[in-house]
Amino acid sequence: MSRPLHRGVSGGGRLSVNGPDFWDDSQMKDKIEKEDLERNRSPGDQTYSPTKFLCRILFPDNSPSKHNLGENGLLSDPFSPGTGRNRLKYALVLIRLSLVVIILLALTGSFWWTISITSSSRGHIYHGYRQLQEQVVSDLRDIGQLSLGATNVKDIEYCPPESENFIPCFNVSENLDLGLSKGEEVDRHCGPGSRQNCLVLPPVNYKIPLRWPTGRDVIWHANVNITAQEVLSSGSMTKRLMMLEEEQISFRSDSAMFDSIEDYSHQIAEMIGLRNESNFVRAGVRTILDIGCGYGSFGAHLFSSQLLTMCVANYEASGSQVQLTLERGLPAMIGSFNSKQLPYPSLSFDMIHCAECHVDWDQKDGIFLVEVDRLLRPGGYFVWTSTVTNTQRSVRNKVSLKKWNFVQNFAESMCWKLLAQQDETAVWKKTSLKKCYFARRPGVGPSICSKGQDIESPYYRPLQACIAGTQSRRWIPIEERTKWPSRAKLNSSELKIHGLLSEALAEDSLNWNSAVNNYWSLLSPLIFSDHPKRPGDDDPSPPYNMLRNVLDMNAHFGGLNAALLDAKKSVWVMNVIPTSGPNYLPLILDRGFVGVLHDWCEAFPTYPRTYDLVHANGLLSMEFGQHIRCPMFDLFIEMDRVLRPEGWVILRDSVPLIELARSHAARLKWDARVIEVESSDEKLLICQKPFSRRQAS
């Protein structure tokens, strides 16, 4: 059951006991003799050798005397219960000793391993070895700062201006230096040296995005990294449905060069056999993966039909489809079909859409189409719009005709059925019957994945050339699934597939409905800047709601997402399942939400300033409670990077971790307060990121 929240700020203090120092004559005599001995040492003893330097780091002398004195002036036992400060000191010494031993072993082992590698691979190994050294130095510096005390920890610095749109793990120039090419240079490559230990500032003329739904159709030009020329010369259909107007970019549904998005969506519905796009839900379509989405116009239009469209596109240094789509308040993340599987479960989307998405579907023996098949639910649809699919043109263009024939034949070999082909659009339907795969002639089409290959939720695993998902218990045709919005609840048989009872989901929903009400009361009226909102009043209608993009860093069952929908909040939620915890991502996607697997020791695949609210319940305990794989402060720097100026952070966790998190929030210059949770050993930390402006040069 849920527990009500009580407002309040927890206080902290340090209890000190002052008393006289008791020194007997013998102790004073010993002290004087030792001081004389120190003064009479030879100059050779004063050399600053590396060994002595290491000892001084490991055993700093921070006490006023060389003795550990009890309250009676006697030497005290450092391991006795009454000497908390000494025990802390020796614990730090043991930690430092252990760290040094581990580092020496790791560096020694990596050195011998490096020299044993063939010369052709040493360039890559040296790069990784250098990053490891940088990581070790950084960790030692952090430990040294912590040992000096919080008062001596320096404020975090701001990143240089060229980093205002930088995303760790996507360093094209560095990847080219490593010899990566053929699209892999824009892929995600994370390593110890990919993180940034600085705060990313917004562009000079950055403005708070317009409120939803106005912000869906109009964005500030200065907020995104795109030139006027890129706006005017955008190639795909959905990109061209926009215009530059002074300081703003406006997206419109009509274009003189192309049919409107509404007509295009209507055409797809008719090709499937539906009256219009409003009937997609009735046909079992709720979630759509839009590859190379332009700037999200297709998903923006379908939103009114209760369809949720996730945009994925390659990393782009300028004119990014993902950045502009997120700026409009629409789901998006960086992802590519170059070499790795996307971090979504098999059988996750009801439709996959590609309109001039620049994926060469005929390359690499059709392996990209195999990935589409993995992601599609049984009975799902693949929509491809391209000049290649225009058969009349293809007859005159032998290259296009060859591509079209390959895709058509390969799709048939995977048991896809071509429903219709009109103008430049073709629609296939994935089979709902597993037996179709086994009825194929031997050697025709990709093979069925073995049990070891058929991983339900891969995390950036290399692309597989076999058909996946056939061994999953989630193999349910979209026509037989619970229709939206009832799908968010799931029936008992669907929950049984995920090992859950209806009562467990009902209790989770009850808890989150209460939590969302409490969150909204705590944030109001601050999130409604143009409306005198008071706790208990009804929420104002758009455009007053300033929250649109929500990142749930430890989504569990997707309860926060469901509760926000139940409360009729005009938000969408990126549900993230950490790779270090239980994998509930298949359940989340089966509920009709969007989400992704992610390792929070790495940067999230999005641009800076893309979320209005970052939420994490129990994430700190999961990542830093027992097995610590990376510094907690790095996670907070990442939260600051993805959070928009004046955005919010809500953390719920154990009291010690929340107190530590509050100290990190202070370093980031966040406004923070701790909220007591009644009848619980947990607390809430609610923070707001300030709007720190960069001065124009």
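How each quantity is defined
- Residues numbered from 1 in each chain as written.
- Predicted model: local features only at pLDDT ≥ 70, side-chain atom pairs only at ≥ 80, totals over all residues.
- Heavy atoms only, no water.
- Helix = DSSP H or I, 4+ residues; strand = E, 2+ residues; numbered from the N terminus.
- Expected span 1.5 Å × (residues − 1).
- Buried < 20%, exposed > 50% of the residue type's maximum accessible area, 1.4 Å probe, protein only.
- Pairing = 2+ DSSP bridges.
- Disulfide = S-S within 2.5 Å.
- Salt bridge = Lys/Arg side-chain N within 4 Å of Asp/Glu carboxyl O.

### Quick word on helix α17 (residues 502-523)
Between its first and last C-alpha atoms α17 spans 31 Å; for 22 residues at 1.5 Å apiece the expected length is 32 Å, and the two agree. Buried residues of α17: Leu505, Asp508, Ser509, Trp512, Ala515, Val516, Asn518, Tyr519, Trp520, Leu522 and Leu523, and no others.

### Quick look at the pairing of strand β17 (residues 671-677)
Inspection of the sheet shows β17 paired to strand β18 (residues 682-688) by 6 bridges, in the antiparallel sense. Pairing of Ala672 across the sheet is with Cys687, part of β18. Linking β17 to β18, which pair antiparallel, is a turn of 4 residues; within it Ser679 sits at a positive phi near 55°.

### Thoughts on the state of the cysteines
Under the definition given, this model contains 7 disulfides. Sulfur-sulfur distance for the disulfide between Cys159 and Cys198 comes to 2.0 Å. In this structure the cystine formed by Cys159 and Cys198 twists about its S-S bond by roughly 95°; its chirality is therefore right-handed. Here Cys198 lies in the loop between α5 (172-177) and α6 (214-217) and Cys159 lies in the loop between α4 (122-148) and α5, a separation of 39 residues in the sequence. Its relative accessible area of 14% is what places Cys198 among the buried residues. Between the sulfur atoms of Cys601 and its disulfide partner Cys630 the distance amounts to 2.1 Å. Taking the sign of the S-S torsion, about -80° here, the bridge from Cys601 to Cys630 comes out left-handed. With Cys601 in the loop between β14 (594-598) and β15 (611-617) and Cys630 in the loop between α20 (619-624) and α21 (632-642), this pair connects stretches of sequence that are 29 residues apart.

### So, the pattern of salt bridges
Counted under the stated rule, the structure contains 24 salt bridges. The salt bridge involving Asp590 is made with Arg481; its shortest N-O contact spans 3.7 Å. Of this pair, Asp590 sits in helix α19 (residues 585-590) while Arg481 sits in the loop between α15 (435-438) and α16 (492-497); the two residues are 109 residues apart in sequence, bridging distant segments of the chain. With respect to burial, Asp590 and Arg481 carry one shared label: buried. A salt bridge links Asp566 to Lys489, with the shortest nitrogen-to-oxygen separation between them at 3.3 Å. Residue Asp566 is found in helix α18 (residues 559-566), and its partner Lys489 is found in the loop between α15 and α16; the two are separated by 77 residues along the sequence. Classification of Lys489 as partly exposed rests on a relative accessible area of 41%. Several salt bridges share partner residues, and in doing so they unite Asp350, Arg377, Glu456, Arg474, Arg481, Arg487 and Asp590 into one network.

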